[in-house]
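# Coordinates in review
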Amino acid sequence: MENIALEVKNVGRTFADGTVALQDVTFSIRQGEFAVIAGSNGSGKSVLMSLIAGLDEPSSGSITLHDCQAGLVFQEADAQILGETPEEDIAFGAKNCDLSKQQVAERVNFALSETGLTHKRSAYARMLSGGEKRRLAVAGILAMSRSLIIFDEPFANLDWPGVQQVCAIMKQLKEEGKTVLVLTHELEKVLALADRFMVLDKGQLVFDGTPADGLKENLEAWGIRNPLLACRSIEEMVWL
Ligand SMILES: Nc1ncnc2c1ncn2[C@@H]1O[C@H](COP(=O)(O)OP(=O)(O)OP(=O)(O)O)[C@@H](O)[C@H]1O
Ligand SMILES: [Mg+2]
């Protein structure tokens, strides 16, 4: 049997105010698998990520990580900045990985260059643009070299080169055999990299299969735009 990296079993999360954010969600992710979980606003993606990350506890069910630690890129890039400068911020995570000073420096340089932030290495991190902050979050997890990486809405705020850079990093992580989980509704930017496609709707897992089979479903019913609906004229360039 292939190695399982992450097991989510009958997971539910109900908040104190009665909001049912997740209901009986069950799936497992194999080591080295690249999974995209789509879902509209409020479908439960970020709640699921905080449960997997151990930042919150499920109200029912269980989550098991097998022999791996998760590296997280949060939806709110600001929440993730700990250092004064990108250089310092990236080093924070790497220092927690039992590395020598020299190794930390090498990883910081590598992560800065991979995310196109080398020229901002000494800038004031809080003053970075929204897209630059997201690149910084990605740089941070690259430097930690975790075996399971979860991206929550990784494309929010990113320009075209920014999306390309993040996709190139995701592709590289996949080629290195890392397990990657991407939570997004922007399927057109990433689905080609996925081996697995899942959909969350109102806290429930309503589809789990291949990207090809997923695109045959009525995604609009779950509030997700089918990326095969491309524009061929200006008249079509409005989402109505
Ligand atoms: N601490 C909380 N207390 C009460 N309700 C919460 C809490 N956190 C999240 N929720 C609710 O849980 C549901 C799922 O939220 P979640 O943030 O996971 O959505 P999402 O799929 O990430 O949406 P988006 O695409 O907008 O990021 C929402 O209805 C949200 O209001
Ligand atoms: Mg979210």
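Reading the values: rules and limits
- Residues numbered from 1 in each chain as written.
- Chains lettered and ligands numbered in written order.
- Predicted model: local features only at pLDDT ≥ 70, side-chain atom pairs only at ≥ 80, totals over all residues.
- Helix = DSSP H or I, 4+ residues; strand = E, 2+ residues; numbered from the N terminus.
- Rg over C-alpha atoms; globule rule 2.2 N^0.38 Å.
- Buried ≥ 20, exposed ≤ 12 C-beta atoms within 10 Å, placed from the backbone.
- Contact = placed C-beta atoms within 7 Å.
- Pairing = 2+ DSSP bridges.
- Axes fitted to C-alpha atoms, helices over the stretch in contact; angles between N-to-C directions.
- Core = buried A, V, L, I, M, F, W, Y, C linked by C-beta atoms within 7 Å.
- Near = placed C-beta within 6 Å.
- Nonpolar A, V, L, I, M, F, W, Y, C, P; charged D, E, K, R; others polar.
- Left-handed = near helix turned anticlockwise from the far one by under 90°.
- Expected span 1.5 Å × (residues − 1).
- Arc of directions from axis to C-beta.

Across its full length, the protein chain holds six helices and nine strands. A globule of 240 residues ought to have a C-alpha radius of gyration of about 18 Å, and the protein chain, at 18 Å, matches this closely. For the protein chain, the proportion of its 240 residues judged to be buried stands at 39%. Nonlocal contacts in the protein chain, meaning residues at least 24 apart in sequence, comprise 68% of its contacts between residues at least 6 apart.

Read from one edge to the other, the open sheet built from six strands follows the order β5-β6-β7-β3-β8-β9, with strand pairing classed as mixed. Edge strands, defined here as strands with exactly one partner in the open sheet, are β5 (70–73) and β9 (204–209). On average, adjacent strands in this sheet sit at an angle of 15° to one another, irrespective of strand direction. Pairing geometry for strand β3 (residues 34–38) and strand β8 (residues 196–201), over four bridges, is parallel. In the strand pairing of β8, Ala35 is matched with Arg196.

Moving on to the sheet that holds strand β4 (residues 60–65). Read from one edge of the open sheet, three strands run β2-β1-β4, paired in antiparallel fashion. Strands with a single pairing partner mark the edges of an open sheet, and in this sheet they are β2 (20–30) and β4. For this sheet, the mean inter-axis angle between neighbouring strands, taken without regard to orientation, is 15°. Note: strand β1 (residues 4–14) against β2, seven bridges, orientation antiparallel. In the strand pairing of β2, Val8 is matched with Phe27.

Now for the nonpolar core. Within the largest apolar cluster, 62 residues are counted, with the highest numbers of intra-cluster contacts made by Val36 and Ala139. Considering every element that reaches this core, the biggest residue donor is helix α4 (residues 130–144), with eight residues. With residues near it in sequence (within four places) discarded, Ala139 still touches Pro86, Ile90, Ala111, Leu112, Glu114, Thr115 and Leu117.

Let us look at the site of ligand 1. Taken together, the neighbourhood of ligand 1 is formed by 14 residues, with Phe15, Ala21, Asn41, Lys45 and Ser46 sitting nearest. Among the elements that take part in the shell around ligand 1, helix α1 (residues 45–52) stands out by supplying three residues, more than any other. Broken down by class, the residue content of the shell around ligand 1 amounts to three nonpolar, eight polar and three charged.

For the rest of this paragraph, the subject is the packing of helix α2 (residues 86–95) against α4. One can describe the packing of α2 onto α4 by two numbers: an axis separation of 8 Å at closest approach and a directional angle of 35°. In terms of crossing hand, the pair formed by α2 and α4 is right-handed. Contact residues: Pro86, Asp89, Ile90, Gly93 and Ala94 in α2; Leu136, Ala139, Gly140, Ala143 and Met144 in α4. Looking at the contact of α2 with α4 residue by residue, the classes come out as seven nonpolar, two polar and one charged.

This next bit is on the environment of Leu219. Mapped onto the secondary structure, Leu219 falls in the segment after α6 (211–214). Judged by C-beta crowding, with 22 C-beta atoms within 10 Å, Leu219 ranks as buried. Measuring from C-alpha to C-alpha, the distance between Leu219 and Phe207 comes to 9.7 Å, with twelve residues separating the pair along the chain. Here Leu219 is in contact with Ile224 and Asn226, once residues within four sequence places are set aside.

The buried fraction of α1 amounts to six of the eight residues, a majority that puts the element mostly inside the structure. Looking only at α1, the buried set comprises Lys45, Val47, Leu48, Met49, Leu51 and Ile52. Positive backbone phi, approximately 80°, marks Gly54, located one or two places after α1.

Under the 1.5 Å per step criterion, the end-to-end length of helix α5 (residues 160–175) is 22 Å for 16 residues, consistent within 8% with the ideal 22 Å. Of the residues making up α5, those classed as buried are Gly162, Val166, Ile169, Met170 and Leu173. Along α5, the residues classed as buried sweep out an arc of 100° about the axis, all on the same side. Relative to its buried face, α5 has exposed residues pointing more than 90 degrees away, namely Trp160, Pro161, Ala168, Gln172 and Glu175. Where α5 is buried, its residues touch α3 (101–114), α4, β6 (148–152) and β7 (179–183). Phi turns positive one or two residues past the end of α5, at Gly177, with a value near 85°.

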